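Chains, contacts and geometry: an overview
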Amino acid sequence: MPRGKRTVFGMFCTDSGNRVGTVRLHKQNSKGVGWKEFKVEKFCPVCRKRMPMKLKEERHSS
């Protein structure tokens, strides 16, 4: 039985706005760090280089 629910976030390039991928995160982990402090860099095919990503929460009906 899961103890906490994770939320799906879409990763978007900060420069081009291109959607690059998804990540599932807890809203807040056990150390008190929330998803807003989660930093990630991924390769953006539009910019053709590694760019910092912006996370946006994706709503899913259950």
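Structure: see above.
What you see is a predicted model, and the numbers here were worked out from it, not measured in a lab.

In any sheet, the strands associate via hydrogen bonds between backbone groups, in a parallel or an antiparallel arrangement. On the basis of which strands lie adjacent, the open sheet formed by four strands has the order β2-β1-β4-β3 and antiparallel pairing. Since the sheet does not close on itself, it has two edges, and those belong to β2 (19–26) and β3 (41–44), each with one partner. Taking each pair of neighbouring strands and ignoring which way they run, the sheet shows an average axis angle of 45°. The pairing of β3 with strand β4 (residues 49–57) spans four bridges and is antiparallel. Paired with F43 across the two strands is R50, which belongs to β4.

Here we take up the pattern of salt bridges. Summed over all chains, the structure comprises two salt bridges. Across the pair E58 and R19 runs a salt bridge whose closest N-O atoms are separated by 2.9 Å. Pair noted here: E58 is in the segment after β4 and R19 is in strand β2, with a separation of 39 residues, a long-range link.

Moving on, we come to the nonpolar core. Here is a general trend for soluble globular proteins: nonpolar side chains tend to be buried in one another's company. The biggest cluster of nonpolar side chains holds nine residues, and these are F9, M11, C13, V23, L25, C44, M51, M53 and L55. Of all elements in the fold, only β1 (6–13), β2 and β4 reach the threshold of two or more residues within this core. Setting aside residues no more than four positions away along its own chain, V23 makes contact with T7, V8, F9, M11 and L55.

Another aspect to go through is the environment of W35. Mapped onto the secondary structure, W35 falls in the loop between β2 and β3. Through-space distance from the C-alpha of W35 to that of R24 is 9.9 Å; in sequence the pair is eleven residues apart.

Quick look at the state of the cysteines now. On inspection of all chains with the given rule, the structure shows zero disulfides. The thiol of C44 is unpaired, and the distance to the nearest cysteine sulfur, on C13, comes to 3.8 Å. Given a relative accessible area of 0%, C44 falls into the buried group. C47 takes part in no disulfide bond, and the closest cysteine sulfur, belonging to C13, lies 3.8 Å away.

Definitions and limits used
- Residues numbered from 1 in each chain as written.
- Predicted model: local features only at pLDDT ≥ 70, side-chain atom pairs only at ≥ 80, totals over all residues.
- Heavy atoms only, no water.
- Pairing = 2+ DSSP bridges.
- Helix = DSSP H or I, 4+ residues; strand = E, 2+ residues; numbered from the N terminus.
- Axes fitted to C-alpha atoms, helices over the stretch in contact; angles between N-to-C directions.
- Salt bridge = Lys/Arg side-chain N within 4 Å of Asp/Glu carboxyl O.
- Core = buried A, V, L, I, M, F, W, Y, C linked by side-chain atoms within 4.5 Å.
- Buried < 20%, exposed > 50% of the residue type's maximum accessible area, 1.4 Å probe, protein only.
- Contact = heavy atoms within 4.5 Å.
- Disulfide = S-S within 2.5 Å.

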